[in-house]
Structure formats: C-alpha cells, structure tokens
Amino acid sequence: MAATYTFDVFSSLDGYGAHSGNWGGYWGKQGPEFLDHRLALYDQEQRMVFGANTYRAHAQMLASSTEESEVRDPWVTRMRNLPATVVSTTLEEPLDWPDATVVSGDAVDVVARLKEESEVPLRSHGSLSLNRALMAAGLVDRVQVTLFPVITGQTGEDPIFQGAPDFNLELIESRTLDGNTQELIYRPTLHV
C-alpha cells in the first residue's frame, strides 16, 4: 500500500504563504492551542519532503535563529529531527539537517517512488512549486491548510496556488485553534 502524502501549508485568507510586512512569524496569530497542535502533528512517525528552495529557507532561518526565537518552536525542532528527503538537482550532501537525503531527478518520479517504498506517511511543509507539480500529477492525498485570520493584500508573498491547475477539494477534517485560526484538511482531485 502506498504511503499517504500531505501538503502542509500556512496561508493568509487571501492565499499567501508568506509576507514582507511587520506581522512577525505566523502573522502574529499563533497561540498555545496552535503550537500544541503543531507539536502533536510532528510527534507522529513520518518522512518530510522538501524542494531545494524550501530546504534552503528552513536551514537558513534555523541557522540564523536563537534558541528563544519562534523559529525554534518545539514543533519546528521536532520537524527538523524527522527523516527528510530533499528533491534537488543543485544541492549535495551532506546537508545541515540531521537525517536528510538529497535525491536528484524529477520530483514527480521521486515522490511516486517514495510513496511506494515508504513505510511511514510523507509530509511536506511549504515547498510550493514542488507541491503544485505533485498535485497536478495526482500524488498529493491531503492538502492541510492552516488559515491565519489576516489579509495581506499589500505585503503578501508566495501565492500558494498561483499557476496550479484547478482542483475540487473534499473537506475531510477541520478545526479551529485559539478561537480564530482554521486548519482545513482536504482531499484534492483534479477538476476536469
């Protein structure tokens, strides 16, 4: 049986994965329930999958942070300690990540093989272009969107689904965290 693959992404209400403004991390909307939930999500045995750009961004953020910064929230530390596959034609091992392997090749082929071979679920946090390609190929089983209660019309960066094909989404799970942040988990199917 193939491993499940979850595309895990943070978003503003208007569909941006990041911002250039003075919002702070998590758009300043993280609360204890959100942080506890993220920690529990990453407590499960799983393999992380990153594209090269997201790996570089995570590694750079972690390297330039201190132990007290929100970049080092316990769930991020736990994510960093999970086994990871980085799909890249430009990176070489060793990586500054405890248990990361670089796999060169087409992301669709790499992840299709991982889904068949992995004994644990696969999860990707971020990696927007990688995950858009995987969704188009039908390899994403779950899209997990954490929707922060903000609109970043002036400072939004990294439109999550820009350029993606059209998809129908079946809501399979939802929860409200800290009274205002939504986590929505969908099963995507290509809209034809």
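The structure we're discussing is the one just above.
Structure report, in brief. (Residues numbered from 1 in each chain as written. Predicted model: local features only at pLDDT ≥ 70, side-chain atom pairs only at ≥ 80, totals over all residues. Heavy atoms only, no water.)

1. Focus: the overall build of the protein chain
To be explicit about the condition: Helix and strand definitions here come from DSSP, where helices need a minimum of 4 consecutive H or I residues and strands a minimum of 2 consecutive E residues; each element is numbered from the N-terminal end. Note on method: radius of gyration uses C-alpha positions; expected globular size equals 2.2 Å times residues raised to 0.38. Only protein chains enter the accessibility calculation, which uses a 1.4 Å probe. A residue is then buried if its area is under 20% of the maximum for its type, exposed if over 50%, and partly exposed in between. Contacts are residue-level and defined by heavy atoms, with any inter-residue pair within 4.5 Å sufficient. Areas reported here follow the Shrake-Rupley algorithm with a probe of radius 1.4 Å; residue values treat only the protein chains shown as occluding. Only four residue types enter the charge count, namely Lys and Arg as positive and Asp and Glu as negative; His and the chain termini do not. We put the charge of a Lys on NZ, of an Arg on CZ, of an Asp on CG and of a Glu on CD.
Looking only at helices and strands, the protein chain features 5 helices and 10 strands. Rg of the C-alpha trace for the protein chain: 16 Å, near the compact-globule value of 16 Å for 192 residues, within the 12% margin. When the backbone C-alpha atoms are referred to their principal axes, the protein chain occupies close to 45 × 40 × 30 Å. For the protein chain, the proportion of its 192 residues judged to be buried stands at 43%. Considering only residue pairs separated by 6 or more positions, the protein chain has 73% of its internal contacts joining residues 24 or more positions apart. Of the roughly 9800 Å² of accessible surface on the protein chain, 49% is carried by carbon and sulfur atoms. Each charge class in the protein chain was averaged separately, 14 positive and 27 negative side chains, and the resulting centres sit 1 Å apart.

2. Side note on the pairing of strand β4 (residues 84–87)
Note the threshold: Two strands pair under a simple rule: DSSP has to find at least two bridges between them.
The alternating pattern of β4 places Ala84 and Val86 on one face and Thr85 and Val87 on the opposite face, and all of these are buried. By the bridge criterion, 4 bridges tie strand β3 (residues 47–51) to β4 in an arrangement that is parallel. Directly across from Gly51, in β4, lies its bridge partner Val87. By the bridge criterion, 4 bridges tie β4 to strand β5 (residues 100–103) in an arrangement that is parallel. If you follow Thr85 over to β5, its bridge partner there is Thr101.

3. A few points about the pattern of salt bridges
Short version of the rule: For salt bridges, the criterion is a side-chain nitrogen of Lys or Arg within 4 Å of an Asp or Glu carboxyl oxygen.
Enumeration over the complete set of coordinates arrives at 8 salt bridges. Between Arg123 and Asp8 there is a salt bridge, and its shortest N-O distance comes to 3.1 Å. With a gap of 115 residues between them, Arg123 in strand β6 (residues 122–125) and Asp8 in strand β1 (residues 5–12) connect regions that are remote in the sequence. Judged by its relative accessible area of 4%, Arg123 falls in the buried class. Arg78 is the partner of Asp43 in a salt bridge, and the nearest nitrogen-oxygen pair spans 3.5 Å. With Asp43 in the loop between α1 (32–41) and β3 and Arg78 in helix α3 (residues 74–80), the pair connects residues that are 35 residues apart, well separated along the chain. The structure contains a network of salt bridges with shared partners spanning Asp8, Arg38 and Arg123.

4. Quick look at the side chain of Ser124
Test applied: We define a polar contact as two N or O atoms separated by no more than 3.5 Å, with the added condition that, inside protein, one atom must be a possible hydrogen donor and the other a possible acceptor, whereas residues neighbouring each other in sequence contribute only through side-chain atom pairs.
Tracing the sequence through the fold places Ser124 in strand β6. A distance of 2.7 Å separates a polar atom in the side chain of Ser124 from the backbone oxygen of Val49. With near-sequence residues (within four places) excluded, Ser124 lies in contact with Tyr5, Thr6, Phe7, Asp8, Met48, Val49, Leu130 and Asn131.

5. Focus: the nonpolar core
Note the following rule: Grouping buried Ala, Val, Leu, Ile, Met, Phe, Trp, Tyr and Cys residues that are joined through side-chain atoms within 4.5 Å yields what is termed a nonpolar core.
If you look at the biggest cluster of nonpolar residues, it comprises 26 residues, and the most contacted ones within it are Phe50, Tyr55, Leu95 and Trp97. For this core, the secondary structure elements donating two or more residues are α1, β3, α2 (52–63), α3, β4 and β5. The biggest single contributor to this core is α2, with 4 residues. Those residues in contact with Phe50, other than ones at most four positions away along the chain, are Tyr55, His58, Met79, Ala84, Thr85, Val86, Val87, Trp97, His125, Ser127 and Leu130. Judged by nonpolar contacts, the second largest core, of 21 residues, contains Ala107, Val111, Leu122 and Leu128.

Interpretation in functional terms is not warranted from these geometric data alone.
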